[in-house]
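# An overview of the molecular structure
Now for the letters of each chain:
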Amino acid sequence: MLNAITMPPAPALTAWNGDAGMNALNRKLLRELWHLKSQMLSIALVVATGIMTVVTMRGSYESLVIAQQDYYQQTRFADVWVSLRRAPQTLRQQISNLPGVALADTRIGFMATLDLEGLDAPAIGRFISLPENARPVLNDIQLRRGRYIEPGAPDEVIISEKFAVARALRPGDSVRAIINGRARDLEIVGVAISPEHIYAMPPGSLMPEDSRYGILWMGERALGPAYDMEGAFNEAFVKLSPEADTLAVIDGLNTLLQPYGGFGAYTRRDQPSHMILQGELDQNRVMGTAIPAVFLGVAVFLLHLVLSRLISTQRGEIAVLKAFGYHNAEVGLHFLMFALGAVVVGIVLGAAGGAWLGRAYIGIYQQFFDLPGLQYAMNWQLVLIASMVSLLGACTGAMNAVMKAVRLPPAEAMRPEPPASFQPGLMERIGFAKFLPSAGRMILRNVERKALQSFMSSLGVAFSVAILVIGFFMFDGVRFLMDLQFREIQREDVSVNFHQHQSDRVMHELWRLPGVTRVEPFRNVPVRLSNGHLYRDSGIQGMQADGKLRRVVSSHVLTYPLPADGLVLSRMLAQRLEVNTGDWLHVQLLEGQRHQRQVQVTGVVDDFMGVTAYMDIQALHQLSGEQGLISGAYLSVTQDERSRLYQTLKNMPMVAGVASPADMLASFDTQMAQNIFISVGFLVGFASVIAVGVIYNGARIALSERGRELASLRVMGFHRREVAILLLGEQALITLFAIPMGWVIGYSMAWLVVQGMATDMFRIPYVLNPQTWLYSALITVAAALASGIAVRRRLDHFDLISVLKTRE
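My aim in this report is to walk through the structure given alongside it, one point at a time. (Residues numbered from 1 in each chain as written. Predicted model: local features only at pLDDT ≥ 70, side-chain atom pairs only at ≥ 80, totals over all residues. Heavy atoms only, no water.)

What follows is about the overall build of the chain. Scanning the chain from terminus to terminus reveals 23 helices and 20 strands. Of all 808 residues assigned to the chain, the portion counted as buried reaches 56%. Of the contacts formed within the chain by residues at least 6 apart in sequence, a portion of 82% connects residues at least 24 apart. (Helix = DSSP H or I, 4+ residues; strand = E, 2+ residues; numbered from the N terminus. Buried < 20%, exposed > 50% of the residue type's maximum accessible area, 1.4 Å probe, protein only. Contact = heavy atoms within 4.5 Å.)

In structure tokens, the structure reads:
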């Protein structure tokens, strides 16, 4: 049967006569593609979403990796760092002579307070020395504007680019700094970037705060005397030779620098900026592989499903072509071209859209990471792979339906396909159907008779629901993480970090600061934790066991009390060391007297930020053998005294940094939240396209398959609304089944995303709010309604005479 609802009349074909026959098929192909343009466009958009995600996400990841590697190579980024109290420059040669060291460099580095106009809170500057007659051997800077420092100039500085942009500073301006207790006006002569500060965060903060934290480079002869560092250094870093033993180099550095107050060498993996960038790249690699694979897989599945059903409706035309002398191969090629028409359009749209979205995606990273040369580069190999996968899905979907039809004799193929089953379905057998009206029984019967086809259509819609769940889950997880971190864990108003450990007698001075109502000290000690051959350089954070301002809180928002003795480990740190509660760890302190002790693990807590070991501050004092030292304090402050407090802290030389959890959360809301909304918007848009593509094509194909039946009902007296209910009710039932199925798939995929994106910096909580289920369902229902309206309009314009005609 030729269905005139979706297919134009068959062309007047004569017997096969070579080129003329092919020309006739080509004309028929063009007419049918135009006639089915809305269905072809929806299929093309489904293909385009799969191509877009591959080109955008995987292409962005590769662009980031290339930019990172090129930048590190150009600036001779170091492999190992070490900080110390003070060592003579003559020691640099001994560092260079260590086995495995290819290049070595030293410098002076300190934190200082910046007094900036229009800013109550103390701004922080990290001052780094530069050689005045040469460029740094390692970790070189790249000037973006201005010039290099003049030799011997005492007050010239180069500032980091993001700080300059945030404060609207340029060469020729000045900035006031409190260096070792003395105020100095410094002239800005240049703006630069550095591989060590691609992602720059102030001490105690979890996010960049470019308006109040910057990197300032000064000449070595100008910065050294300010901190009693003439002819000395307090930071060293090395580049390893290809055959170097990293652990041996670290041990050599620690042994050499221990008499000079070394704090323990660490590798590039633990360098703060690189750790954050690499963590982002690792997450991007997972997302840039898993999400595109899911999208492309769903797109190919839907392509196979839709095209196989669409072409199966043309079995009558296939029979006519065979009857006129066309061979199976020629008929197959014709319908294969029919399928490939939509796919080619989707590939073009996907490649173009992916390139545009890729540039936008990279633009988000450019806001946070100082990576020169970071530009989106189209990877045509990705386009080719994604295109071949899409074409394969189209070919298999089209050819399965064609081959099924061409195997039938022409006379049999011209007849309508018989129903799949004449038996009552399960719902009818158990008596459920008797509670439904006649229209409901007809809908249910048709779904049950084509159970596999209905399930596959429902599965296609379910995948779009699952993608929506993943998108909203990302927002739920990050929001939960921020609320937990800044409202349950970091409950202080202000945290103060010192340049060096201070005696706990400074607590009395902190209590006297304006507006302070509570003070809780903390101490951070760098350590190496070992369990057999497994080890991890980390830090022990000592806090008050009964602290109210900073607490250890688990993922279930339960406060974890610190025991009087022993370590409490982050879950990820415990997994890295393969220990559990009750096990013992070898702890080597990397500062002070470098004591080594066996310490019991008294607890493991599920947290989401960093890999940290927690300890009661008194127990940490006993472990280190240094009583009464603190690294800083958490303060509770009245709101009306906040400005006076900040002004006082600016004038305290011992203060290295001041952070406010409320300000960090506000920074997140203004920066990260916008980017998350953009990412979620992409996923919502893509999922909507998939939902519309499946539902709309399913309804159009059902209209084609059941055109004669529905037209007969109209002739028998059924109203348009009643006929539309029969057709669209089936799609509504498929969508209804798809929503809970999509929730289950999305829930499982979200768990896989959590596992794949877990890094040492942070883990996304596995949290899905009730709104996620609601929004994913509402968007899917909206897509179904839009598709239903479009099909209803076509149904209302039935040509009953042409539909009821039957080719004899």
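Before going further, it helps to examine the nonpolar core. In terms of nonpolar packing, the biggest core is built from 77 residues, with Phe369, Leu371 and Phe473 touching the most fellow members. Taken together, the elements giving at least two residues each to this core come down to α2 (37–75), α7 (272–312), α9 (328–368), α10 (380–406), α14 (451–489), α19 (661–705), α21 (720–757) and α22 (770–796). It is α14 that contributes the most residues to this core, 12 residues altogether. The two domains that each donate at least three residues to this core are domain 1 (70–271) and domain 2 (450–491 + 668–808). Non-local contacts of phenylalanine 369, meaning those with residues more than four positions away in its chain, are made with Lys162, Ile198, Tyr199, Ile276, Leu277 and Glu280. Counting 27 residues, the second-largest nonpolar core is a separate cluster that includes Leu169, Val191, Ala226 and Met229. (Core = buried A, V, L, I, M, F, W, Y, C linked by side-chain atoms within 4.5 Å. Domains from an automatic or database assignment.)

Bridge count between strand β13 (residues 516–531) and strand β19 (residues 629–637): six bridges; the pairing is antiparallel. Each bridged residue has a counterpart across the sheet, and for proline 521 the counterpart in β19 is alanine 633. Pairing analysis gives 10 bridges linking β13 to strand β14 (residues 534–543), with the strands arranged antiparallel. Within the sheet, the bridge partner assigned to proline 526 lies in β14 and is glycine 539. In this structure, the hairpin formed by β13 and β14 is closed by a connection of two residues, where glycine 532 is found at a positive phi of approximately 65°. (Pairing = 2+ DSSP bridges.)

A few words on the pattern of salt bridges. A side chain of one charge can pair with a side chain of the opposite charge if their charged atoms are brought near each other. Evaluated as defined, the whole model comprises 30 salt bridges. Aspartate 140 is paired through a salt bridge with arginine 135; the nearest N and O atoms lie 3.3 Å apart. For the salt bridge of arginine 528 with aspartate 537, the shortest nitrogen-to-oxygen distance reads 2.7 Å. Judged by its relative accessible area of 12%, arginine 528 is buried. Within this structure, Arg107, Arg126, Glu196 and Glu235 form a network of salt bridges that share partners. (Salt bridge = Lys/Arg side-chain N within 4 Å of Asp/Glu carboxyl O.)

Turning next to the sheet that holds strand β1 (residues 80–88). If you walk across this open sheet you meet the four strands as β2-β10-β1-β11, and the pairing is antiparallel. Looking at which strands have only one partner, the edges of the open sheet turn out to be β2 (101–107) and β11 (266–267). For β1 and strand β10 (residues 232–240), the ladder comprises six bridges, and the chain directions are antiparallel. The partner of alanine 87 across the bridge, within β10, is phenylalanine 233.

Moving on, we come to a nonpolar patch on the surface. Taken together, the side chains of Leu41, Leu45, Val345 and Leu349 make up a nonpolar region of the molecular surface, amounting to roughly 300 Å² of accessible area. Counting only elements with at least two residues in the nonpolar patch, the list comes to α2 and α9. Within the secondary structure, valine 345 sits in helix α9. A relative accessible area of 40% means that valine 345 is categorised as partly exposed. (Patch = residues over 30% accessible without salt bridge, like charges linked within 9 Å, V, L, I, M, F, W, Y side chains within 5 Å. Areas by Shrake-Rupley, 256 points an atom, 1.4 Å probe, with all protein chains shown as cover.)

Taken as a whole and assessed by the stated rule, the structure comprises seven cavities of 30 Å³ or more. Its volume calculated, the largest cavity comes out at about 100 Å³. Ser160, Lys162, His197, Ala200 and Asp370 are, among the 18 residues lining the largest cavity, the residues nearest its centre. Looking at the lining of the largest cavity, the elements that each hand over two or more residues are α4 (161–167), β8 (182–193) and β9 (213–219). Considering each element in turn, the lining of the largest cavity owes the most residues, four residues, to β9. (1 Å grid on protein atoms, 1.4 Å probe; cavity = no way out; pocket = protein on both sides within 12 Å on 5 of 7 lines; lining within 4 Å. Points joined across faces, edges and corners; volume = space filled by probe spheres on them.)

Positive phi outside glycine occurs at asparagine 139, with the angle close to 55°. Checked against the element boundaries, asparagine 139 lands in the loop between β4 (123–130) and β5 (142–146). The class of asparagine 139 is buried, set by a relative accessible area of 3%. Positioned with a positive phi, glutamate 578 is a non-glycine residue whose angle comes to about 55°. One can find glutamate 578 in the loop between α16 (571–577) and β16 (584–589). Looking at glutamate 578, the relative accessible area reads 60%, which means it is exposed.

Okay, helix α17 (residues 617–624) next. Across the eight residues of α17, six count as buried, placing the element largely inside the fold. If you check which residues of α17 are buried, you get Ile617, Ala619, Leu620, His621, Leu623 and Ser624. At its buried positions, α17 is contacted by β13, β14, β16, β17 (596–605), β18 (613–616) and β19. For α17, the N-terminal capping position is held by aspartate 616, with its side-chain oxygen 3.1 Å away from the main-chain nitrogen of glutamine 618. (Polar contact = N/O pair within 3.5 Å; in protein donor to acceptor, adjacent residues only side chain to side chain.)

Helix-helix packing: each pair is described by the crossing angle between the helix axes and the interaxial distance. The contact between α14 and α21 brings their axes to 6 Å, and the two run at 45°. By the angle between their axes, α14 is oblique relative to α21. Relative to α21, the crossing made by α14 is right-handed. Split into classes, the residues belonging to the contact of α14 with α21 amount to 24 nonpolar, five polar and no charged. (Axes fitted to C-alpha atoms, helices over the stretch in contact; angles between N-to-C directions. Parallel < 35°, antiparallel > 145°, perpendicular 65-115°, else oblique. Left-handed = near helix turned anticlockwise from the far one by under 90°. Nonpolar A, V, L, I, M, F, W, Y, C, P; charged D, E, K, R; others polar.)

Turning our eyes to something else, we now look at the side chain of aspartate 140. If you trace the backbone, aspartate 140 turns up in the loop between β4 and β5. Setting aside chain neighbours within four positions, we find aspartate 140 in contact with Thr75, Arg76, Arg135 and Pro195.

Among the seven residues in β2, five count as buried, and that is most of the element. Bridge count between β2 and β10: six bridges; the pairing is antiparallel. When the sheet's bridge partners are listed, aspartate 105 is paired in β10 with phenylalanine 237.

Moving on: helix α6 (residues 246–257). The first and last C-alpha atoms of α6 sit 17 Å apart over 12 residues, in line with the 16 Å expected at 1.5 Å per residue. Among the residues of α6, Val249, Ile250, Gly252, Leu253, Asn254, Leu256 and Leu257 are the ones counted as buried. Next to the buried residues of α6 lie β1, α3 (91–96), β2, β10, β11 and β13. The opening residue of α6 is aspartate 245, an N-cap whose side-chain oxygen sits 3.2 Å from the backbone nitrogen of leucine 247. (Expected span 1.5 Å × (residues − 1).)

What follows is about the packing of aromatic side chains. Enumeration over the complete set of coordinates arrives at 14 aromatic pairs. For the ring pair phenylalanine 522 and tyrosine 634, a centre distance of 4.6 Å and an interplane angle of 25° mean the geometry is stacked. Of the two residues, phenylalanine 522 sits in strand β13 while tyrosine 634 sits in strand β19, which places them 112 residues apart along the sequence. For the pair phenylalanine 522 and tyrosine 634, one class covers both residues: buried. (Phe/Tyr/Trp six-rings, centres within 6.5 Å; stacked < 30°, edge-to-face > 60°.)

The next thing to look at is the environment of histidine 501. With respect to the element layout, histidine 501 can be found in strand β12 (residues 494–503). Sequence separation between histidine 501 and asparagine 524 is 23 residues, and the spatial gap between their C-alpha atoms is 9.0 Å. Every residue in contact with histidine 501, bar those within four places of it in the chain, is listed here: Arg523, Asn524, Glu591, Leu629, Ile630 and Ser631. At a separation of 3.1 Å, a polar atom in the side chain of histidine 501 contacts the side chain of serine 631.

So, about the environment of alanine 166. Its place among the elements puts alanine 166 in helix α4. Residues alanine 166 and arginine 212 lie 46 residues apart in sequence; the distance between their C-alpha atoms is 8.5 Å. Ignoring sequence-local partners within four residues, the contact set of alanine 166 consists of Asp210 and Ser211.

Okay, the packing of α2 against α9 next. Here α2 crosses α9 at 35°, and the two axes come no closer than 5 Å. Our pair here, α2 against α9, has a crossing hand that is right-handed. Across the contact of α2 with α9, the residue classes break down as 23 nonpolar, eight polar and no charged.

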